Amino acid sequence: MKPSEEVTRRRTFAIISHPDAGKTTLTEKLLLYGGAVQLAGSVTARKNQRATTSDWMELERKRGISISSTVLQFEYDGFRINLLDTPGHKDFSEDTYRVLTAVDAAVMVIDAGKGIESETRKLFEVCRQRGVPIFTFMNKLDRPTRDPLELLDELEHVLGIKAYAMNWPIGTGPEFQGVFDRRTRNLHLFERIVQGQYRAPEAVGDLEHPIIAARLSEGTLATVRDELAMVEEAGSDFDADAILAGKLTPVFFGSAMNNFGVRLLLDSFLEYARPPSPRMADGRVVDPMHPSFSGFVFKIQANMDPRHRDRIAFVRVVSGKFTREMTATHAQSGCPIRLSNAQALFGRDRETIEEAFPGDVVGIVGGRDLAIGDTLTDDPGIIFHEIPRFPPECFAFLHNPSTAQFKRFNQAVTQLLQEGVVQGYELPDRGTKVVLLGAVGPLQFEIVKYRMENEYNALSRIEMAPWTMARWFADEVTVSEIGAMTLPSGVERALGAGGEHVLLFSDDWEERYFRDRNPDITLLDHPPATRTQAAGTITA
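These figures come from a predicted structure and were not determined experimentally. (Residues numbered from 1 in each chain as written. Predicted model: local features only at pLDDT ≥ 70, side-chain atom pairs only at ≥ 80, totals over all residues. Heavy atoms only, no water.)

A. Main features of the pattern of salt bridges. For the coordinates displayed, the defined rule picks out 31 salt bridges. Note that Asp104 and Arg316 form a salt bridge whose closest N and O atoms lie 3.2 Å from each other. Placement of the pair is Asp104 in the loop between α4 (93-100) and β4 (105-111) and Arg316 in strand β15 (residues 311-319), with a sequence separation of 212 residues. Both residues of the pair, Asp104 and Arg316, count as buried. Taking the shortest distance from any N to any O, the salt bridge between Arg183 and Glu271 comes out at 2.7 Å. Here Arg183, found in the loop between β8 (178-181) and β9 (186-190), pairs with Glu271, found in helix α10 (residues 262-272); they are 88 residues apart in sequence, far enough to count as distant. We classify Glu271 as partly exposed; its relative accessible area is 46%. Salt bridges linked by common partners bring Glu6, Arg9, Arg10, Glu75, Arg80 and Asp360 together as one network. (Salt bridge = Lys/Arg side-chain N within 4 Å of Asp/Glu carboxyl O. Helix = DSSP H or I, 4+ residues; strand = E, 2+ residues; numbered from the N terminus. Buried < 20%, exposed > 50% of the residue type's maximum accessible area, 1.4 Å probe, protein only.)

Structure, rendered in structure tokens:
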């Protein structure tokens with residue numbers, strides 16, 4: 001197959017939602033309908049233990065939430081699909097934001113009984129800022145829901161995006177029986193399967209088909225006709241170009257738990273979502289068909305499988321062709337890096353791959369010197385700046401309760417900081433050197449403690465710190481210059497990962513006080529993009 005054909009058949013997307021809207025369930029059902037798993041919610045290997053394919057960490061299973069993004073790659077109907085499952089808890093939104101830099105589209109899952117929730121709105125805005133097309137799945141129609149017309153209206157007025165209903169629900173709650181496909185003008189009536197483990201059997205026919213008439217009452221059919229007429233009259237028009245531009249979201253109604261409407265979502269998504277798109281690199285447009293290989297690291301994960309205890313850098317291929325054993329340039333250092341151990345990923349399962357194309361996600365095993373945001377390329381003129389850095393909203397001290405585990409403790413902390421699980425800071429004005437962690441949410445600290453003990457056998461103790469915000473200097477400053485500034489009581493000077501000076505504040509009042517007393521100093525609410533590395537050859 002020609003490289004251009006390989007690129008055209010790629011689809012790379014993420015699923016986003018507010019916690020408990022059904023994101024991970026929908027992920028599993030897309031795998032079921034895509035033929036990637038035979039039994040929804042199961043991993044077929046080893047003892048047939050029930051577990052969600054996309055949730056590989058033991059703590060995720062205990063809590064019933066996704067707290068780490070994973071990559072699921074599979075073939076379906078001639079397409080090569082890269083599905084990036086994102087964390088389902090708001091404390092891990094930073095990991096989700098990073099994943100959204102690596103996708104070309106997103107599926108937004110909304111609980112039809114609750115409508116748009118806070119985390120949904122935040123993630124939608126991130127997608128809008130990046131110009132990512134959004135497909136909407138109104139989930140949980142098998143439970144009591146809000147009026148479908150009201151849900152469409154909320155999308156348009158709260159999120160400010162036009163909405164087009166691709167299908168329409170036939171009943172809601174216990175009476176939910178299927179959907180009407182507005183494109184084919186066919187009804188799809190489903191049968192419920194125990195726990196939704198298998199594809200739901202469905203009867204398909206138009207509104208006048210005898211099978212449909214036998215399953216639905218005249219009253220239900222009349223209601224469907226009336227609602228469809230209202231949608232046709234008052235709803236937005238379908239526009240494929242507007243979908244790609246992020247101005248129109250196609251809306252699908254269904255129930256991921258019962259597999260209702262999942263196949264229709266998958267097929268339509270593959271038809272209307274775009275293949276890999278161009279990326280900007282220092283003001284330069286890098287097209288997927290650019291002959292030089294290029295890609296960027298958007299995630300690093302260690303110990304995905306306890307049997308391997310290795311480290312994987314997730315690389316989104318942007319242009320050219322990736323081949324195993326190739327040598328690329330690590331753009332941040334200018335060093336050559338041999339990509340000898342490359343793997344395709346499916347949750348925590350993996351296999352060696354020989355080649356990959358734009359849109360694919362490649363796992364580079366090893367690569368100790370690779371960091372989130374780094375560029376790998378054949379063209380030294382390409383450097384991507386895709387990964388934003390986010391200010392932490394809570395802080396905690398990480399103590400080592402056992403001096404005998406000093407080396408093991410430090411190794412674990414270093415690895416977790418490289419992964420970007422949390423951010424690390426130094427407090428140079430304190431006599432004792434204690435690790436200070438910063439995170440978007442406090443649950444991340446629990447993850448650090450859990451992983452240190454279970455993956456590195458290193459004990460740790462978490463002590464919450466009083467600060468709630470970090471601010472960076474717009475211009476370089478010295479220690480003496482900071483000493484001459486008027487600092488409120490309780491404000492602490494810290495050093496970030498790149499050695500940059502940071503001020504830690506406990507609340508808004510302290511920040512306002514600083515700005516009022518130091519009007520000539522400009523503070524930033526985001527970290528500067530700095531990272532240097534010594535020259536040398538990197539081996540992956």
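B. Fine view of the nonpolar core. Grouped together as the largest cluster of nonpolar side chains are 97 residues, with contacts concentrated most on Leu26 and Phe298. No other element matches the 7 residues that α10 contributes to this core. For Leu26, the residues in contact, after removing those within four places along its chain, are Ile15, Val107, Val109, Phe137, Ala256, Val262 and Leu265. Ile300, Phe322, Ala328 and Ile353 belong to the second largest nonpolar core, which has 19 residues in total. (Core = buried A, V, L, I, M, F, W, Y, C linked by side-chain atoms within 4.5 Å. Contact = heavy atoms within 4.5 Å.)

C. Layout of the sheet that holds strand β25 (residues 423-425). Within the open sheet, the 4 strands sit side by side as β25-β26-β24-β27. Their pairing is antiparallel. Both outer strands of the open sheet, β25 and β27 (461-464), are each paired with one neighbouring strand and no more. The average undirected angle you get between the axes of adjacent strands in this sheet is 35°. Relative to β27, strand β24 (residues 394-399) is paired through 4 bridges, and the arrangement is antiparallel. Note on β27: the bridge partner recorded for Phe397 is Glu463. (Pairing = 2+ DSSP bridges. Axes fitted to C-alpha atoms, helices over the stretch in contact; angles between N-to-C directions.)

D. Representation of the pairing of strand β26 (residues 435-439) in the model. Most of β26 sits out of view: 4 of its 5 residues are buried. Sheet topology places β25 next to β26; 3 bridges connect them, and they run antiparallel. Each bridged residue has a counterpart across the sheet, and for Gly424 the counterpart in β26 is Leu437.

E. Up close: helix α6 (residues 148-158). The set of residues buried in α6 consists of Pro148, Leu151, Leu152, Glu154 and Leu155. Taken around the axis of α6, the buried residues stretch over an arc of 155°, which confines them to a single face. Buried-residue contacts for α6 involve β4, β5 (134-139), β6 (162-165), β7 (167-170) and β11 (248-253). Gly160 sits one or two positions beyond α6 and adopts a positive phi of about 70°. (Arc of directions from axis to C-beta.)

F. Structural detail: the sheet that holds strand β10 (residues 202-205). One open sheet holds the 4 strands; their spatial order is β7-β8-β9-β10, and the pairing between them is antiparallel. Where the open sheet ends on each side, the last strands, each with one partner, are β7 and β10. Strand after strand, the sheet turns through a mean of 20° between neighbouring axes, direction not considered. Alignment of β7 against β8, held across 4 bridges, turns out to be antiparallel. Following the sheet pairing, Pro169 is matched in β8 by Val179.

G. Structural detail: the pairing of strand β14 (residues 294-302). Most of β14 sits inside the fold, with 9 of its 9 residues counted as buried. One ladder, built from 8 bridges, connects β14 with β15; its direction is antiparallel. Counted as the bridge partner of Ile300 is Ala313 from β15. Inspection of the sheet shows β14 paired to strand β23 (residues 375-377) by 3 bridges, in the antiparallel sense. When the bridges of β23 are listed, Phe296 appears paired with Thr375.

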